[in-house]
Amino acid sequence: MSLFNKNGIFTTQNQQSFIIIMKKIRIILIVLFTIPLGLMGSERLVISTWLKTGPMELKFPVFHDTENVEGKTFSATNLLTFEHLSLEDYYPREGMDIAWLKGNTHTWEKDQSNENGYLLIDELKVPDNPEAAYMAAYLQTERWMESKLEIKSPYLLEVYLNGEKIATKATIEKEENTMGTITHDIKLPRGNHLLMIKTLRLPEEGLEWKVMANLEIKDPYLISDLKPGLTPQTTKDILHVMDGKKISRVDPSPDGRFYAINYRRSLPPSNDSETWTEIKSFSDKRVIESFRHSRTSRHSWLPKTNAVSYITTRDGKTTLHLHHMENGQKSILMEGIENFQGYRWSPDEKSVFYLIREEGSGADDTMRQIKGMQDRLPGWRNRTFLYQLDVNSGIKTRLTYGNISTSLQDVSPDGEKLVFSQSRPDYLERPYHKHDLFILNIQSMEVDTLLADQRWGVSVQFSPDGKKLLATGGPSAFNRACENLPEGTIANNYDTQAYIFDLEDRSVKCITLDFKPSVSSAHWQSTDNHIYLLVTEKDFRRLYKYNTRRERFTMVDTGVEFASTARFAGSANTATYLGNQANAPQKAYVMDLRRERYSVLEDTEGYNYRHVEFGEVKNWNFTTSTGLEINGRYYLPPDFDPDEKYPLIVYYYGGMSPVSRAFGGRYPFNIWAGHGYVVYVLQPSGAIGFGQEFSAAHVNNWGITVADEIIEGTEKFLEAHPFADPERIGCGGASYGGFMTMLLMTRTDMFTAAFSHAGISNIASYWGEGYWGYSYSAEASAGSFPWNSPEIYVDQSPLFHADKVTTPLLLLTGDSDTNVPPGESIQMYTALKLLGRPVELILVEGEDHHILTYNKRIKWHHTIMAWWAKYLQDQPEWWNDLYPEKNY
């Protein structure tokens with residue numbers, strides 16, 4: 001709030017506001033104990049309330065006064081810096097106990113500083129042995145800020161911020177009223193930060209054991225921006241997304257008694273990570289076997305037996321192992337396999353079918369003739385072929401050969417037949433591939449062609465009786481058998497459908513013809529003969545059951561808004577899956593398919609998010625001026641007050657897929673909301689999950705109607721939600737959503753700031769240069785090309801309308817992006833710079849379409865957050881710290 005009018009005059013009305021503000025500040029002064037420095041625009045905040053534990057007795061090691069090989073004795077500083085208590089992921093709370101040496105227990109207790117700002121650790125005395133004490137306070141920041149931390153004490157101490165040591169005081173002041181001082185400049189993103197101090201008292205010292213900590217607050221920061229406290233409650237941040245043990249997959253054993261669970265964990269501060277698999281019992285979660293640090297991968301249950309196979313690779317050669325879980329017996333099935341690409345068991349467990357890669361020639365030539373657009377892709381000249389291992393005899397057989405790669409689709413229930421596919425380019429007909437599907441009799445080596453020269457391919461699996469195939473593919477597969485559209489409408493073949501193919505009469509039935517959700521995965525379960533489908537339904541990911549006898553779909557309640565990686569036991573009514581809510585992290589679940597009852601199997605993220613508070617997520621839909629309903633949802637800050645005004649961020653994709661309710665991801669809306677924004681996510685027309693007619697709107701649109709839907713949706717959201725500030729609106733998107741951001745900037749000036757990650761500025765250059773530009777455009781721009789459709793390639797390309805952009809625009813891209821080449825961002829940047837418009841370009845070195853490297857991902861995320869803070873909260877300091885002005 002400004003205390004002056006627009007002419008800079010301190011008015012009577014503003015005087016009243018000043019009195020109210022000063023009353024609030026007096027309250028803060030009492031709680032936080034601030035001391036003015038006497039410098040204009042600067043104050044010190046003395047932390048007056050602490051958590052404290054100790055004193056705790058320590059001992060020097062034996063021979064501590066004997067010089068080591070470097071001529072040094074074990075000093076008091078060595079005792080201080082020794083890690084008695086690990087502070088990694090340690091968050092003290094009042095009343096929490098610490099188990100100490102000799103069975104002693106100490107408790108974290110609340111304590112107050114004295115009138116001079118010092119926390120007294122213990123009464124004045126000379127102890128018999130060295131003693132340590134810990135003190136902790138949480139620093140809750142309402143914005144990104146920087147400060148100078150000052151610590152005063154006559155004793156030795158170490159200072160930690162968020163578990164990282166930032167300062168050490170290695171001197172002891174022995175004169176009364178003499179205080180040693182250490183300082184450290186700190187930078188605090190919005191959130192709750194743990195300040196911990198470890199201090200040491202030695203037997204020969206007799207001074208008061210006390211410590212003071214204060215922070216210098218300079219303009220433009222305010223005392224009210226930083227609030228010390230005693231609890232670790234916070235909002236979600238990027239480290240919650242990146243760190244901690246994550247579950248990536250759960251597979252039940254054939255009989256449903258055990259499960260294999262895959263974990264992943266980042267290893268900061270490096271960019272490394274570790275992945276591993278454990279085998280556990282469903283009944284008690286007991287670990288049967290852990291493959292951590294074993295360098296094993298591709299773990300797979302056998303179809304009938306509680307045994308796990310896996311591979312190890314050394315010097316480019318692969319070994320396939322077998323491990324029986326119940327008796328612990330281990331064996332090697334085959335070894336020394338080069339260019340191994342994957343494997344699958346036959347249902348009778350008599351064979352293993354595996355793929356071998358054959359290296360293509362000329363791929364590394366310095367002067368290389370390109371054999372079609374796909375030849376630009378690394379490894380396209382390589383081919384993969386199918387082999388069989390007879391488990392009993394160890395005999396290997398090559399099953400396929402030729403100049404086209406073989407893809408194994410499935411093995412028949414009796415283990416006697418394979419269904420496999422081939423795909424080859426055909427640049428003369430959309431979508432520029434032709435697909436063949438074959439069935440192979442393994443004993444006779446006879447091949448039967450099921451499908452030939454299909455423009456749209458399918459993935460298939462055998463039915464439990466082996467008489468049919470369950471297929472998934474676009475609506476145009478099987479000669480358009482699943483298209484359900486008005487005449488003349490071109491289908492969106494990213495809207496996946498499900499089919500049943502009869503192997504005897506070769507008939508095809510589309511089972512999802514009148515089913516609006518889009519199929520993500522499908523499984524034909526042998527125990528009940530039902531087909532289970534994970535589907536995209538609007539912005540949800542749900543599980544449906546198709547009763548093959550009644551030919552009817554029913555939704556299976558999974559207890560989550562977004563389910564993924566569903567896996568099914570071979571001979572038991574057991575399924576596992578991962579799932580989350582929009583404002584609650586992912587858990588692993590197990591379900592009894594017969595009773596349709598689920599329970600939480602593991603919740604590793606519960607620990608990671610144990611101190612995090614979330615705001616509400618609410619649905620909000622609107623009807624466009626053309627009568628189309630557009631779905632959406634919005635995220636509120638955890639401390640939301642409907643009487644306050646909040647900056648608004650609008651997010652969309654606008655392409656083939658809706659913006660799902662997945663909890664994590666590259667754009668975690670809970671983090672944005674935790675920074676004080678209202679986040680509105682909408683699903684413009686063209687997305688799958690709303691029915692074929694809705695998804696078909698994407699074809700040949702390229703924002704023609706979608707831009708209007710986003711603008712209209714934002715206007716109506718503001719009208720319906722007075723807490724959203726119309727003067728502070730940001731928008732952003734990535735990939736196709738980045739294209740939509742650039743396009744929106746040419747259509748409206750309603751947004752205060754925007755970001756585009758890996759966006760398309762020139763549809764024609766993306767179409768011709770991106771690895772998948774022409775093939776994606778086969779669906780998105782069906783029949784439209786730069787030479788026949790300037791209304792798309794020129795009129796809808798933001799680059800050709802850059803002169804209309806006035807909104808500050810942040811362009812980000814990996815400099816090695818092969819999907820949307822970085823030139824798409826670079827040429828838009830060039831145009832806007834030449835036009836004198838506010839624009840920034842950030843190139844992320846060595847990254848492709850997604851920013852995956854740990855430390856780069858964090859800075860990339862902070863860049864977006866700092867951009868929002870600069871323009872939506874009038875706080876440019878974070879951005880200036882990340883990207884300071886240089887005199888180039």
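As a starting point, this report considers the structure included with it. (Residues numbered from 1 in each chain as written. Predicted model: local features only at pLDDT ≥ 70, side-chain atom pairs only at ≥ 80, totals over all residues. Heavy atoms only, no water.)

## Focus: the overall build of the protein chain
Here's step 1: When helices and strands are tallied, the protein chain shows 15 helices and 52 strands.
Here's step 2: The C-alpha radius of gyration computed for the protein chain amounts to 32 Å, which stays within 12% of the reference 29 Å derived for 888 residues, consistent with globular compactness.
Here's step 3: Across its three principal directions, the C-alpha atoms of the protein chain cover 100 × 75 × 60 Å.
Here's step 4: Considering the protein chain as a whole, with its 888 residues, one finds that 53% of them fall into the buried category.
Here's step 5: Taking all contacts inside the protein chain whose residues are at least 6 apart in sequence as the whole, residues at least 24 apart take part in 61%.
Here's step 6: With the model as given, the accessible surface of the protein chain reaches about 40300 Å², and the carbon-plus-sulfur share is 47%.
Here's step 7: Separation of charge centres in the protein chain, based on 92 positive and 113 negative side chains, amounts to 2 Å. (Helix = DSSP H or I, 4+ residues; strand = E, 2+ residues; numbered from the N terminus. Rg over C-alpha atoms; globule rule 2.2 N^0.38 Å. Buried < 20%, exposed > 50% of the residue type's maximum accessible area, 1.4 Å probe, protein only. Contact = heavy atoms within 4.5 Å. Areas by Shrake-Rupley, 256 points an atom, 1.4 Å probe, with all protein chains shown as cover. Lys, Arg positive; Asp, Glu negative; His and termini not counted. Charge placed at Lys NZ, Arg CZ, Asp CG, Glu CD.)

## With respect to the sheet that holds strand E26 (residues 383-390)
Here's step 1: Judged by pairing direction, the sheet is antiparallel, and its four strands sit side by side in the order E24-E25-E26-E27 without closing on themselves. Of all the strands in the sheet, the pair left with one neighbour each is strand E24 (340-345) and strand E27 (396-398). Across the sheet, the mean angle separating the axes of adjacent strands is 25 degrees when strand polarity is ignored. (Pairing = 2+ DSSP bridges. Axes fitted to C-alpha atoms, helices over the stretch in contact; angles between N-to-C directions.)

## Observations concerning helix H9 (residues 736-747)
Helical geometry note: an α-helix holds 3.6 residues per turn, so side chains three or four residues apart project in the same direction.
Here's step 1: In this model, H9 (twelve residues) spans 17 Å end to end at C-alpha, consistent with the 16 Å of a helix rising 1.5 Å per residue.
Here's step 2: Of all twelve residues in H9, eleven are buried, a share of seventy percent or more.
Here's step 3: Those residues of H9 not exposed but buried are Tyr736, Gly737, Gly738, Phe739, Met740, Thr741, Met742, Leu743, Leu744, Met745 and Thr746. (Expected span 1.5 Å × (residues − 1).)

## Observations regarding the pairing of strand E46 (residues 629-635)
Here's step 1: Judged by how many residues are buried, E46 sits mostly within the fold: six of seven residues are covered.
Here's step 2: Bridge count between strand E45 (residues 622-623) and E46: two bridges; the pairing is antiparallel. Counterpart to Phe622 in the pairing with E46 is Ile630.
Here's step 3: Hairpin remark: E45 followed by E46, antiparallel, with five residues in the connecting loop; positive phi at Gly627, about 90 degrees.

## Some words on the side chain of Asp225
Here's step 1: Along the polypeptide, Asp225 turns up in the loop between strand E14 (209-218) and strand E15 (226-229).
Here's step 2: No salt bridge is formed by the buried Asp225, whose closest oppositely charged neighbour, Arg143, lies at an N-O distance of 4.5 Å.
Here's step 3: What Asp225 contacts, discounting residues up to four positions off in sequence, is Gln140, Thr141, Glu142, Arg143 and Met145. (Salt bridge = Lys/Arg side-chain N within 4 Å of Asp/Glu carboxyl O.)

## Remarks on the nonpolar core
Here's step 1: Within the largest apolar cluster, 73 residues are counted, with the highest numbers of intra-cluster contacts made by Val159, Trp672 and Trp868.
Here's step 2: A total of ten residues in this core trace back to one element, the largest contributor, which is helix H14 (residues 854-872).
Here's step 3: Excluding its chain neighbours within four sequence positions, the residues that come into contact with Trp868 are Ile649, Trp672, Tyr677, Gly730, Cys731, Gly732, Ala753, Ala754, Phe755 and Gln873.
Here's step 4: Membership of the second largest hydrophobic core comes to 53 residues, among which are Tyr680, Ala707, Cys731 and Ile792. (Core = buried A, V, L, I, M, F, W, Y, C linked by side-chain atoms within 4.5 Å.)

## Brief notes about the environment of Gly71
Here's step 1: Relative to the assigned elements, Gly71 resides in the loop between strand E3 (49-57) and helix H2 (76-81).
Here's step 2: Judged by relative accessible area, Gly71 falls into the partly exposed class, the value being 37%.
Here's step 3: Along the sequence, Gly71 and Glu358 sit 287 residues apart, while their C-alpha atoms lie 61 Å from each other.

## Quick notes on the side chain of Thr813
Here's step 1: Along the chain, Thr813 turns up in strand E51 (residues 809-814).
Here's step 2: Other than its neighbours up to four places away in sequence, Thr813 contacts His757, Ala758, Pro822, Ser825, Ile842, Leu843 and Val844.

## Brief notes about the sheet that holds strand E23 (residues 330-338)
Here's step 1: Judged by pairing direction, the sheet is antiparallel, and its four strands sit side by side in the order E20-E21-E22-E23 without closing on themselves. Of all strands in the sheet, those with a lone pairing partner are strand E20 (297-301) and E23, marking the two edges. For this sheet, the mean angle separating the axes of adjacent strands, direction not counted, is 20 degrees.

## A look at the pattern of salt bridges
Here's step 1: For the structure on display, the rule yields 46 salt bridges.
Here's step 2: Asp122 is paired through a salt bridge with Arg201; the nearest N and O atoms lie 2.7 Å apart. Note that Asp122 is positioned in strand E7 (residues 119-122) and Arg201 in strand E13 (residues 191-201), a separation of 79 residues in sequence.
Here's step 3: Two residues, Glu537 and Arg542, come together in a salt bridge whose shortest N-O distance is 3.1 Å.
Here's step 4: A single network of salt bridges, built from pairs that share partners, joins Asp122, Lys125, Glu131 and Arg201.

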